[in-house]
Amino acid sequence: MHLFATHFGTYEVDADANGKPRLLPFRHDPDPSGMGLGYLALGDHPQRVKTPMVRRSWLENGPLAGSGRLRGREEFVAVSWDEAADLIAGEIRRVSSVHGNQAIFGGSYGWASAGRFHHAQSQLKRLLNLAGGFTSSVNTYSYGAAGVLLPHVLGADYKDACDTSPSWSDVADHCRLLVAFGGFRLTNAQVEAGGTGSHRATEWLKRCQEKGVEIVVFSPAASDAPQGGNVRYIPLRPNTDAAVMLGMCHTLLIKGLFDCDFLNRCTVGFSDFESYLIGEIDGVAKDAGWASSISGVPRETIVEIAENLHDLPSLINVAWSLQRAQFGEQPFWAAIALSSMAGHVGKAGCGFAFGLTAVNSVGQPVRRLKGPAFDQGRNPVQHYIPVARITELLENPGGTVEYDGKVLDLPDIRLIWWAGGNPFHHHQDLNRLAEAFRKPETIIVAEPMWTATAKMADIVLPSALPFERDDIAASSRDNWLVYSRRAVEPPAGILSDHEFYCLVADRLGLRQSFDAGLNTDEWLARIYEGYRERYPELPDFQAFRLRGFAALDEGEDAPAPADHFRRFVNDPAAAPLKTPSGLIEIGSAAIAGFGYADMPGHPVWMPPAEWLGAPLAEKHRFHLLSPQPAHRLHGQLEYAPASQSAKRHGAEQFLLSGVDAVELGLIDGDLCEIYNDRGRAIAALTVDAGLMPGVTVLPAGGWFAPDADGVDQGGNPNTLTDIAPASTLSQATAPNSCLVSIRLWKRIGQQAA
Ligand SMILES: Nc1nc2c(c(=O)[nH]1)N[C@H]1C(S)=C(S)[C@@H](COP(=O)(O)OP(=O)(O)OC[C@H]3O[C@@H](n4cnc5c(=O)[nH]c(N)nc54)[C@H](O)[C@@H]3O)O[C@H]1N2
Ligand SMILES: Nc1nc2c(c(=O)[nH]1)N[C@H]1C(S)=C(S)[C@@H](COP(=O)(O)OP(=O)(O)OC[C@H]3O[C@@H](n4cnc5c(=O)[nH]c(N)nc54)[C@H](O)[C@@H]3O)O[C@H]1N2
Ligand SMILES: [Mo]
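As a starting point, this report considers the structure included with it.

About the criteria used
- Residues numbered from 1 in each chain as written.
- Chains lettered and ligands numbered in written order.
- Predicted model: local features only at pLDDT ≥ 70, side-chain atom pairs only at ≥ 80, totals over all residues.
- Heavy atoms only, no water.
- Near = heavy atom within 4 Å.
- Polar contact = N/O pair within 3.5 Å; in protein donor to acceptor, adjacent residues only side chain to side chain.
- Areas by Shrake-Rupley, 256 points an atom, 1.4 Å probe, with all protein chains shown as cover.
- Domains from an automatic or database assignment.
- Helix = DSSP H or I, 4+ residues; strand = E, 2+ residues; numbered from the N terminus.
- Expected span 1.5 Å × (residues − 1).
- Buried < 20%, exposed > 50% of the residue type's maximum accessible area, 1.4 Å probe, protein only.
- Pairing = 2+ DSSP bridges.
- Axes fitted to C-alpha atoms, helices over the stretch in contact; angles between N-to-C directions.
- Parallel < 35°, antiparallel > 145°, perpendicular 65-115°, else oblique.
- Left-handed = near helix turned anticlockwise from the far one by under 90°.
- Contact = heavy atoms within 4.5 Å.
- Core = buried A, V, L, I, M, F, W, Y, C linked by side-chain atoms within 4.5 Å.

In this section: the site of ligand 1. Surveying the vicinity of ligand 1 reveals 30 residues, the closest of which are W111, H426, E447, Q636 and N718. In this structure, an oxygen atom belonging to ligand 1 sits 2.9 Å away from a side-chain N or O atom of Q628. One of the side-chain N or O atoms of N718 is found 2.8 Å from a nitrogen atom in ligand 1. Expressed as a share of its isolated accessible area of 920 Å², the protein-covered part of ligand 1 is 98%. Of the domains in this structure, domain 1 (3–139 + 382–551) and domain 3 (615–752) are the two that each give at least three residues to the shell around ligand 1.

Dropping the structure here:
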């Protein structure tokens, strides 16, 4: 079978009546994603980069100080691959010898495309490591606050993200009450980093409902609650979930409805948390009334659900989005404290979960395929940033950033090389980032499309699209391996990242160590054999390539894997967690010891700088949420048919409640300006009766496209969001704490009544 693997699933490749290749859903996928069906349309799209390009004055004058002013404002000149390779090899030599390798930023965050070999960042990092290293980045935009907090309190980091959830099959069979903060945005489960053969999260959620699991969803958006029976939706103000959870903890405490034995055996630090709950320190009891006044959730509802969490076998799920906010660590930590008090942690299908339906894999009852990737080698440079501190890195050479108990030095970055990511989509406050991007001497971007990031480069390297090359796709959180075969040839003159990096490696005298003397087919065979060594039941490479895929336990539900916390709860001394105490840390001496004012040693609720209760809400009265786009992966596929047909009047859609629309004198379909002190963005209004008044939703992924007045016609929410971190601890991204105003930009068609 001829297959093509993507982060949003596997597709079959065949030909239409005219012999043109097209994509069809994979026959083994019960719930395929439509977003990739038109992917091949990007191949010859006008937004495609077709040849290596160099910004004119950079080409003419070289990396002169101050020339970065012209980035994004000047034409590009086509060059040959050999010229591009000469220029880049020369820059790497110059910067590393004059300034040292820490002056090269190769942190290059982004999702790139699925495939173990053509993984853009791995290719780039291997090359830069061989060339003496680079300043790198750690953590993710996805799970940045949780990824730093959870090692302290659960001993689980991002790679354990799946293990923090019980399996769906156990939830369906054993849990009776599933309380979901942030709900289930089911379009998110179309995605799995590395790919998947079979989308099943929606089906599992339905199965839970059929088995009678009662579902309670707290969210500002009713659409986060699943359709069907047994679901209760409770609106709350954004960024107040931790307050609701603390109100529930307080309720259980004063009613004596908490599991003392569990707290004693399996946790540390409860007593400090208890003092905080009853208000011993600040004189404020974190009771249900307190939580109600912050969140807008009725007091009785908080009390009732707290009691039910204790009385019924219960599970608390927290969406990843909640930690993409200021103090975003807190709802995760508070959920751990609340479920520990409720007393069901470690029972089958109960306790806490993070990110059920954030991606397809969380909770999947499958054996996971762990296997080799293209080896990045070792980075001799010690400097790194938490990934979302890119603006500070560029603004503040010689400065420092505090992070997770450390103080990081910020080197003076002269050269940036980005591959497989789009910071002018994913980072916050893009106008400020654009200023920061003017500082380095040279910016190289490898990218198939003319993204906003490519436009800010000095040298643009056109990459082959993933359907123009062969690869092997697999996710370490799923059980499928796919041989992803090229569907079409790349346009004349376009190379894969690997092919081009070989040309640079030649010039740096690194070719042999870079490609190990193997061609692409040999690399793919080597990677596949790495999987077979671990899973001898897999077919041999030729058979795999012919069939197109292989799966562990194909077509079966593997028995639910022993859930991560069950062995620990049964015997904490025999199976300790990887925390300093070996226990769940409701209070963390390590975190308290860092002394960060914005990150005390136990769960708290603190008011973010931007939320509906902030002083700034007098001026900008809407809380902007920017969830993941339903019809594309981030900014990828923006020009594929599914994303384009979700536009209104050619613009991104944003949501507002009917009450707010009337009050602003807006009608459905109006092109509106969403603005604050950081920027202005245009999007088309879609009135959503299920959205809480005071909240507005503009999904991520629109292409940042400032016009001559600096108004982003592409409707990217990061024109508006702030770079302020979740906290000093994690330094994670926090776009979901953002206040904006809204006004009419242009009315299309009919007049207002
Ligand atoms: N406001 C707001 N901002 C957010 C979020 C949010 O919720 N709200 N979410 C954040 C999250 S969780 C994430 S993960 C990030 C995602 O942000 P990114 O990962 O930066 O977004 P993508 O659009 O997936 O960018 C990947 C780029 O790689 C390119 N590419 C694909 N294959 C290849 C290849 O083989 N080689 C090369 N050189 N390039 C390739 C694609 O064309 C695309 O432009 O966004 C973050 N930003
Ligand atoms: N189709 C598609 N799927 C994707 C992606 C994509 O680009 N496209 N990206 C993938 C990636 S990289 C990631 S990291 C995951 C992210 O997965 P998540 O982080 O879970 O997803 P989001 O879409 O950011 O937000 C989910 C919901 O959280 C709610 N929410 C936001 N703020 C609050 C709050 O303060 N309180 C409460 N109670 N609810 C809130 C919003 O209403 C939103 O619908 O999605 C993945 N899935
Ligand atoms: Mo993400």
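On we go.
For helix 7 (residues 241–254), built from 14 residues, the straight-helix expectation of 20 Å at 1.5 Å per residue is met to within 8% by its first-to-last C-alpha distance of 20 Å. Counting buried residues in helix 7 gives 13 out of 14 residues, a clear majority hidden from the surface. Downstream of helix 7 by a residue or two, G256 has a phi angle that is positive, lying close to 70°.

D224, N239, D241, S321 and H634 are the nearest of the 33 residues found near ligand 2. Here a nitrogen atom of ligand 2 sits 2.7 Å away from a polar atom, N or O, in the side chain of D241. A distance of 2.8 Å is found between an oxygen atom of ligand 2 and a side-chain nitrogen or oxygen belonging to R324. For ligand 2, whose unbound accessible area comes to 920 Å², protein coverage reaches 97%.

Spatial strand order, 10-9-8-12-13: five strands in an open sheet with parallel pairing. Edge positions in the sheet fall to strand 10 (231–234) and strand 13 (351–354), since each of these pairs with one other strand and no more. On average, adjacent strands in this sheet sit at an angle of 20° to one another, irrespective of strand direction.

Another point: the packing of helix 7 against helix 10 (residues 288–295). The geometry of helix 7 relative to helix 10 is characterised by a closest axis approach of 8 Å and an angle of 165° between their N-to-C directions. Relative to helix 10, the element helix 7 lies roughly antiparallel. Crossing of helix 7 over helix 10 shows left-handed handedness. Where helix 7 abuts helix 10, its residues A243, V244, L246, G247 and T251 lie against A288, W290, A291, I294 and S295.

It is worth spelling out the nonpolar core at this point. Nonpolar side chains in soluble globular proteins tend to be buried together. Judged by nonpolar contacts, the single largest core of 102 residues is most densely connected at L150, L154, F218, M248 and F354. Setting aside residues no more than four positions away along its own chain, L150 makes contact with Y143, G155, A156, F332, I336 and F354. Membership of the second largest hydrophobic core comes to 51 residues, among which are Y141, I390, L637 and A640.

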